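Architecture and fold: a report
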Amino acid sequence: MVDDYETLLNRGLAKIKDSNPSGRFEMPVAEVETHGQRTIVRNFAQIADKFRRETQHLLKFFQKELATSGSIENGQAIFLGNITSSLITRKLTDYANEFVFCKACGQPDTKMATEDKNEMLVCWACGAKRQIRNLR
Ligand SMILES: [Zn+2]
């Protein structure tokens, strides 16, 4: 009986940890390759997953910020042009600051929502809300 209770308790705790990975967030590291005039980010979809954002949203951000065109193939992003991995890394940080991290509490546990045609970033951890750039 005690074991059952502990199992349930552990399951409950595991759930809480899953939905609130506060303090354990590590910035994803982009795997960048350049082939001639194309730059490939091999783990692009994984990075978007880690941020819990749509791959297409992250792609739009990069297209705007790098002023180039890009596409997704098998989870990899392919951009036109020769883009350094340090620039990609910097833009990932910019994206996280703008679209992932809560400015009030600094946690990455946020979601995007649309309110009155405005894009909002809503924090699960503290409830803060702020308007974010609409990339569409
Ligand atoms: Zn917050």
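For the structure itself, consult the block above.
Residues numbered from 1 in each chain as written. Predicted model: local features only at pLDDT ≥ 70, side-chain atom pairs only at ≥ 80, totals over all residues. Heavy atoms only, no water.

Notes on the overall build of the protein
Stated formally: Working definition: helices are DSSP H or I runs of at least four residues, strands are E runs of at least two. Numbering for both runs from the N terminus. Relative accessibility thresholds used throughout: buried, under 20% of the residue-type maximum; exposed, over 50%; partly exposed, between the two (1.4 Å probe, protein chains only). Working rule for contacts: check all heavy atoms of both residues, and any pair within 4.5 Å makes them a contact. The protein chains shown are the only cover counted for residues, whose accessible areas, like all others here, come from Shrake-Rupley with a 1.4 Å probe.
Scanning the protein from N- to C-terminus turns up four helices and seven strands. In the protein, the succession of α and β elements from N to C terminus is α-β-β-α-α-β-β-α-β-β-β. Within the protein, the fraction of its 136 residues that count as buried is 34%. Summarising the internal contacts of the protein: among those between residues at least 6 apart in sequence, 50% fall at separations of at least 24. Here the protein displays about 8,500 Å² of accessible surface, and carbon together with sulfur accounts for 50% of that area.

Concerning the coordination of the zinc ion
For clarity, the cut-off: Any N, O or S atom lying within 2.8 Å of the metal counts as a donor, with the limit raised to 3.2 Å for Na, K and Ca; because water is left out of the atom set, some sites can appear incomplete. Key to geometry: four donors with every angle between 85 and 135 degrees are tetrahedral; four donors are square planar and six octahedral where opposite donors lie over 155 degrees apart and all remaining angles lie between 65 and 115; all other sites are irregular.
In the first shell of the zinc ion, the protein supplies Cys102 (SG), Cys105 (SG), Cys123 (SG) and Cys126 (SG), at 2.3 to 2.4 Å from the metal. In this structure, the zinc ion is coordinated by four donor atoms arranged in tetrahedral fashion, with angles at the metal of 106 to 114°. Counting the intervening residues between successive donors of the zinc ion yields the motif C-x2-C-x17-C-x2-C. Of this pair, Cys102 sits in the loop between helix H4 (85–99) and strand E5 (110–115) while Cys126 sits in the loop between strand E6 (118–123) and strand E7 (129–132); the two residues are 24 residues apart in sequence, bridging distant segments of the chain. Residue class for Cys102 comes out buried when judged on its relative accessible area of 6%. Residue classification places Cys126 among the partly exposed positions, given a relative accessible area of 42%.

Considering the nonpolar core
Applicable threshold: Grouping buried Ala, Val, Leu, Ile, Met, Phe, Trp, Tyr and Cys residues that are joined through side-chain atoms within 4.5 Å yields what is termed a nonpolar core. Source of the domain bounds: an automatic or database domain assignment.
Among the nonpolar cores identified, the biggest contains 24 residues, and Val41, Phe44, Leu58, Phe62 and Phe79 are the most heavily contacted of them. For this core, the elements supplying multiple residues, two or more each, are helix H2 (44–51), helix H3 (55–66), strand E4 (76–80) and H4. Formed jointly, this core draws a minimum of three residues from each of two domains, domain 1 (29–100) and domain 2 (104–136). Aside from chain neighbours lying at most four places away, what touches Phe44 is Thr55, Leu58, Leu59, Phe62, Ile72, Gly75, Gln76, Ala77 and Phe79.

Comments concerning the pattern of salt bridges
So the rule is basically this: We define a salt bridge as a contact between a side-chain nitrogen of Lys or Arg and a carboxyl oxygen of Asp or Glu at a distance within 4 Å.
Applying the stated criterion across every chain yields a total of seven salt bridges. The partner of Arg42 in a salt bridge is Glu33, and the shortest N-O contact between them spans 3.5 Å. Overall, Arg42 belongs to the partly exposed group, its relative accessible area being 40%. Under the relative-accessibility criterion, Glu33 is labelled partly exposed at 28%. Note that Asp109 and Arg52 form a salt bridge whose closest N and O atoms lie 3.3 Å from each other. Note that Asp109 is positioned in the loop between H4 and E5 and Arg52 in the loop between H2 and H3, a separation of 57 residues in sequence. Residue Asp109 is classed as buried on the basis of its relative accessible area of 1%. When its relative accessible area of 40% is taken as the criterion, Arg52 is described as partly exposed. Counted as one network, the salt bridges with shared partners bring together Glu65, Lys91, Asp94, Glu98 and Arg133.

Notes on the side chain of Arg130
Where we set the bar: The charged-residue count follows a simple rule in which Lys and Arg add positive charge and Asp and Glu add negative charge, with His and chain termini not counted at all. Any N or O atom pair separated by 3.5 Å or less is treated as a polar contact, with the protein-specific requirement of one donor-capable and one acceptor-capable atom, and with residues adjacent in sequence counted only for side-chain atom pairs.
Along the chain, Arg130 turns up in strand E7. Although Arg130 lies buried, it forms no salt bridge, and the closest oppositely charged side chain, Glu98, sits 6.7 Å away as judged by the N-O distance. Only 2.8 Å separates the side chain of Arg130 from the backbone oxygen of Phe101, close enough to count as a polar contact. Contacts of Arg130, omitting those with residues within four sequence positions, involve Asn97, Glu98, Phe101, Lys103, Glu119, Met120 and Leu121.

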